[in-house]
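Fold and geometry: a report
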Amino acid sequence: MDLAKMTVSINKAINTQEVAVKEKHARTCILGTHHERGAHTFWAAANRLPLSSNAVLCWKFCHVFHKLLRDGHPNVIKDSMRNKADLSDMSRMWGHLSEGYGKLCSVYLKLLITKMEFHIKNPRFPGNLQMTDRQLEEAGENDVNNFFQLTVEMFDYLECELNLFLAVFSSLDMSRSVSVTAAGQCRLAPLIQVILDCSHLYDYTVKLLFKLHSCLPADTLQGHRDRFQEQFKKLKNLFYRSSNLQYFKRLIQIPQLPENPPNFLRASALSEHISPVVVIPLEASSPESENVVETEELVDTDVPAQPSAPENRFDDVFGTSSASDPFNFNNQNGMYKDERDSQIEQLTREVRALKEELESFKMESSRLCQSLRSRVSELEAELEEQSHLKQQALGESEFLRAELEDLRRVREDTEKEQRSLTEIERRAQANEQRYTKLKEKYTALVQSHADLLRKNAEVTRQMTVARAAQDEVECVRKEMEEQVKAAQGEALRREKEQEEQVQTLQEELQASREELERLKESVASSQQSSKALSSQVSTLEMEKSSLAETLAQKEAELTGLGAELERVQGSLASERASGVKVAETLQNQLNEKESREQELESQLVAARWAALQGALGEAEQIIQDSLTRLDDPAHISCTSSADYLVSRADTALNCVDRLQSARDRYLTDSTDVSEMLRAVAQFAHLLGDTVVQGSATSHMVAAELADTLAEDVKSCGSEALALLTRLKEQSTMGTADGSSLKAALSRVRGTAEELRPRGLELQQGELGDLVEQEMAATSAAVESAAARIEEMLNKSRAVDTGVKMEVNERILASCTELMEAIKELVLSSKDLQRDIVESGRGAASMKEFYAKNSRWTEGLISASKAVGWGATVMVDAADLVVQGQGKFEELMVCSHEIAASTAQLVAASKVKADKDSPNLARLQQASRGVTQATAGVVASTKSGKSQIEEKDTMDFSSMTLTQIKRQEMDSQVRVLELETWLQKERERLGELRKKHYELAGVAEGWDEEEGTG
């Protein structure tokens, strides 16, 4: 196509005339985009148009651009995104106008920007929004979060469409025929594209909401439902108003939405949803020609024939003038009415009654069959819903398996990255970083196992709900069987009653025949008597012929009654056969339901066994991963403590017992698999941790014990894998024994007991006595320090004078206050420890409480030792300062060390204390007193040092310039030397603190905490 022709069509389609865009120009623009595979020519022509100065021109531009986005080449959307900022600015500019085309242009531009952003975010959706259900499923990528976000974006998209709809209608005078005017058609023409978009958006929104309600709770989607209700009402009203406009009737067939919105809380309502279809006819035709119906050629073939009046068989047989019959001997002789006539009438009434009863029986049978069919339909619907729930549970199980596979791949990738980092960084700092990453990885694996356990519990709960539903179906099936049996019994009873009535009628017929035989005998006797009465021969002959005719009529009537009886019997037999067929059908349906239930049960059993197999396989991989980690070079730098290994081995032994009990319970009741899954997960976690910690502990011991411990740990892993292998087979699950695994764990525990530090082997009595001894020693050290300070103060007063005596008195007084504060702190700590022991020991003794909380007790002992040692060192430093042989800095450092030791004692005491304890408040108050006293010691020391150093004033009055320059150079050299010495001392202090931290960690058991990683 010539691009110049496309430019001409664009200028003809987008002009300032207030008429609708001609379809041929718009079609030329669409074909041009497909020809050049983009919208470069369109935008080159559009950018030259004064869109910001003429509202009608901008409105028609929006109409043509909307058509290109829907039906143009897919690259139109990408090429148009470059002009998104210009369109936004134009929308804001036209938004300042409150009426006319300006407001419409602002709303239309917002819609077009929203449409472009939607298609850029969701490239699977074409511009015309036409997709199949399968493509809609693929757009969400089987992720409920994607479906949720896609629904929100569709709501926003549809909201912009509805805003344009309302804006156009509000700008028209609907009381006049605006749709037939050129100005009205100019405004209404773009709504055809809006109607096409809205029909697809409404359909996709309904399907996505049903999809979300099948995956998420109803409360989570309350906002979605409220927003859909609001948009449903608007869209229905707008479709209705549009369908009444004459302009749309010849151009588009607008669908009508249902009276009520879909019920998303009922999954079966999706089958009731009908996708709205917008039809655009190829050629416009008048409504009159479309609705003409040729009624002349129609013939009514359903006129029923008038039923003929029932014939009175009695009148046909006996006639109506029997009373005037001259040969009626009953009237002549005054005899009673013929008894045979009364019997025939009675039989006729009984047959009529039987017919009515048969009709009522048929109606009752049909009603029962209909009720049974409806009940069967309800049960089938319930079974279908249960099948849907089962499919949903299977889908969740598949999702869990996929997540598990992803976690396994992530774990393998992490291990590869870890090995590559191990090869690159082999120094101590790199080893510490790798150790931290391993610890985080282990925590993530534990968290993932916990999530899997929670999800497995949810699956088990759903299986329980399905089993309860199956029990309910079984109860309903039994009730149906009872109802069918009762109906069959009632039918047999009524059939027997009808057979008895038929038998009665047959007996009455037999009696009638006997009466006729007697009449024949009477006629014969009359013939014999006629020989004697020759005068009455002719009369008797006539009577004979009359009686013969009457007899023939009676026999014909009896023959008809016999045929009626045979027909009734045939009808009863057919009803009985149909009842038997209905019963057989119901029985077949019940058998099918039983087979379906058995199939569901077998599927549930298979799902439980598959879940157990998956858990066992994952446990094998976890333990195998732990064994593989033993040969990893990065694992050589990992260490652990024997005490922690003992606790891990004890927990693992208990877990083996739990696994055995869960196995026994599963063998007893195979429907309860949750306990078995939890036991397998815990078993894998604890066994893998024991293997890793055992190997890490072997890195810190002698070579012989290390080899023994490593072999025992590998034996534990091998036995655990063998046990899991036996549990995976149904034939060997019952004989799977964990005695060999428990023996291997016991060997590991015994080796760890031999490797435990000696400090942990204190007996209960020794540990408790050690606490009392250390607290008593601390109190004694503080008392001794206070006495020595008092003695030094007396000596200073006797020997020193002047400034030196003043300085010594101030320093010793502050030291005395510090000792008093420490003494109060120690007493408060003792009272608080007594409360802690009394509240936490229960029925145990004090020594048993200290032994049970050995880690806390060791920290308390260490803090007490530090306080007593600090008091002793500070007194020695003060003595040297008073004698003039010490340094003031040493005294300040000792004060700071005492403050740190008391803080350690406070922290060790309050870690197990009740926060509302009054003794804890006293301890904190005493700690603040120690801090203030320490500050006093430091302040008095600094003040004394400054007073003494003031006496050494510097006098440079007698020095020459050369001497001063020489002294200046010496001072600079001294400053550099001191700075170098200061840097070295700081480095030495850092190394000392690091070594102190390591030694304190070994003493306090910090290596055990690190080993837990």
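Residues numbered from 1 in each chain as written. Predicted model: local features only at pLDDT ≥ 70, side-chain atom pairs only at ≥ 80, totals over all residues. Heavy atoms only, no water.

**Digging into the packing of aromatic side chains**
Each aromatic ring pair is characterised by the separation of its centres together with the angle its planes make. In this structure the tally under the stated criterion is 18 aromatic pairs. Between Phe-61 and Phe-65, the ring centres sit 5.9 Å apart and the planes meet at 15°, which makes this aromatic pair stacked. Separated by four residues within a single helix, Phe-61 and Phe-65 lie in helix H4 (residues 55-71), roughly one turn from each other. Pair check on accessibility: Phe-61 and Phe-65 agree, each one buried. A network of ring pairs unites the aromatic residues Tyr-202, Phe-210, Phe-228, Phe-232 and Phe-264 as a single cluster. One Lys or Arg, Arg-187, reaches over the ring of Tyr-101 and ends 4.5 Å from the middle of that ring. (Phe/Tyr/Trp six-rings, centres within 6.5 Å; stacked < 30°, edge-to-face > 60°. Helix = DSSP H or I, 4+ residues; strand = E, 2+ residues; numbered from the N terminus. Buried < 20%, exposed > 50% of the residue type's maximum accessible area, 1.4 Å probe, protein only. Lys NZ or Arg CZ within 6 Å of the ring centre and 35° of its normal.)

**Structural notes on unusual backbone geometry**
Residues other than glycine seldom take positive phi values, yet Leu-129 does so here, at roughly 65°. By secondary structure assignment, the location of Leu-129 is in the loop between helix H7 (100-121) and helix H8 (133-139). For Leu-129, a relative accessible area of 0% translates into the label buried. If you check the backbone angles, Asn-142 has positive phi at about 55° while not being a glycine. Locating Asn-142 in the fold gives a position in the loop between H8 and helix H9 (144-170). A relative accessible area of 64% means that Asn-142 is categorised as exposed.

**As for the side chain of Thr-33**
Its place among the elements puts Thr-33 in helix H2 (residues 23-36). A distance of 3.4 Å separates a polar atom in the side chain of Thr-33 from the backbone nitrogen of His-73. Leave out the neighbours within four places in its chain, and Thr-33 touches Met-6, Gly-38, Leu-68, Gly-72, His-73 and Val-76. (Polar contact = N/O pair within 3.5 Å; in protein donor to acceptor, adjacent residues only side chain to side chain. Contact = heavy atoms within 4.5 Å.)

**A look at the packing of helix H1 (residues 3-13) against H2**
A pair of packed helices is captured by two measures, namely the crossing angle of their axes and the spacing between those axes. Their axes nearest at 9 Å, the elements H1 and H2 cross at an angle of 145°. Note on packing geometry: the crossing formed by H1 with H2 is left-handed. Contacts from Leu-3, Met-6, Ser-9, Ile-10, Lys-12 and Ala-13 of H1 reach H2 at His-25, Thr-28, Cys-29, Gly-32, Thr-33 and Glu-36. A breakdown of the residues in the contact of H1 with H2 according to their chemical character gives five nonpolar, five polar and two charged. (Axes fitted to C-alpha atoms, helices over the stretch in contact; angles between N-to-C directions. Left-handed = near helix turned anticlockwise from the far one by under 90°. Nonpolar A, V, L, I, M, F, W, Y, C, P; charged D, E, K, R; others polar.)

**As for the nonpolar core**
Core analysis: the largest hydrophobic core is formed by 93 residues, its most contacted members being Phe-42, Phe-61 and Phe-125. Broken down by element, the residue count for this core peaks at 14 residues, all from helix H11 (residues 191-213). The next biggest cluster of nonpolar side chains, apart from the first, holds 44 residues, and it includes Ile-622, Leu-645, Ala-736 and Ala-744. (Core = buried A, V, L, I, M, F, W, Y, C linked by side-chain atoms within 4.5 Å.)

**Overview of the state of the cysteines**
In total, this model carries zero disulfides according to the counting rule given. This cysteine, Cys-186, is not joined by any disulfide, and Cys-105 carries the nearest cysteine sulfur, 9.5 Å off. The exposure class assigned to Cys-186 is buried, which follows from its relative accessible area of 2%. (Disulfide = S-S within 2.5 Å.)

**Considering helix H6 (residues 84-94)**
Taken together, the buried positions of H6 are Leu-87, Ser-88, Met-90, Ser-91 and Trp-94. Taken end-on, H6 shows its buried residues confined to a sector of 165°, consistent with a single buried face. Lining the buried residues of H6 we find helix H3 (40-46), H4 and H7. (Arc of directions from axis to C-beta.)

**Notes on the environment of Leu-162**
Among the secondary structure elements, Leu-162 is positioned in helix H9. The exposure class of Leu-162 is buried, given its relative accessible area of 0%. Note: C-alpha distance between Leu-162 and Leu-111 (51 residues apart in sequence) is 9.5 Å.

**Thoughts on the pattern of salt bridges**
A complete count under the given rule lists 31 salt bridges for this structure. With a shortest N-O distance of 2.6 Å, Lys-84 and Glu-117 are connected by a salt bridge. Of this pair, Lys-84 sits in helix H6 while Glu-117 is found in helix H7, placing the two residues 33 residues apart along the sequence. For Glu-117, a relative accessible area of 28% corresponds to the partly exposed category. Across the pair Arg-678 and Glu-675 runs a salt bridge, and its minimum N-O distance is 3.1 Å. (Salt bridge = Lys/Arg side-chain N within 4 Å of Asp/Glu carboxyl O.)

**A closer look at a nonpolar patch on the surface**
A cluster of nonpolar residues, Leu-978, Trp-981 and Leu-982, forms a patch on the protein surface that exposes about 300 Å² of accessible area. Residue Leu-978 is classed as partly exposed on the basis of its relative accessible area, which comes to 39%. (Patch = residues over 30% accessible without salt bridge, like charges linked within 9 Å, V, L, I, M, F, W, Y side chains within 5 Å. Areas by Shrake-Rupley, 256 points an atom, 1.4 Å probe, with all protein chains shown as cover.)

**Some thoughts on the confidence of the model for the chain**
Here the chain shows a mean pLDDT of 77. Residues at 70 or above account for 80%. Here residues 283-337 is modelled with pLDDT under 50, and outside its nearest four sequence neighbours on either side it reaches 27 contacts, counting other chains as well. Low pLDDT, under 50, characterises residues 758-765; the predicted model gives this stretch twelve contacts beyond four residues in sequence or across chains. (pLDDT = per-residue confidence, 0-100.)

**Considering the packing of H11 against helix H12 (residues 222-243)**
Close contact between H11 and H12 brings their axes to 12 Å; oriented N to C, the two are set at 150°. Between H11 and H12, the angle falls in the class roughly antiparallel. The interaxial crossing formed by H11 with H12 has left-handed handedness. Contacts between H11 and H12 pair Ile-195, Cys-198, Ser-199, Tyr-202, Thr-205, Val-206, Leu-209, Leu-212 and His-213 from the former with His-224, Arg-225, Phe-228, Phe-232, Leu-235, Phe-239 and Ser-242 from the latter. In terms of residue class, the contact of H11 with H12 is made up of ten nonpolar, five polar and one charged. (Parallel < 35°, antiparallel > 145°, perpendicular 65-115°, else oblique.)

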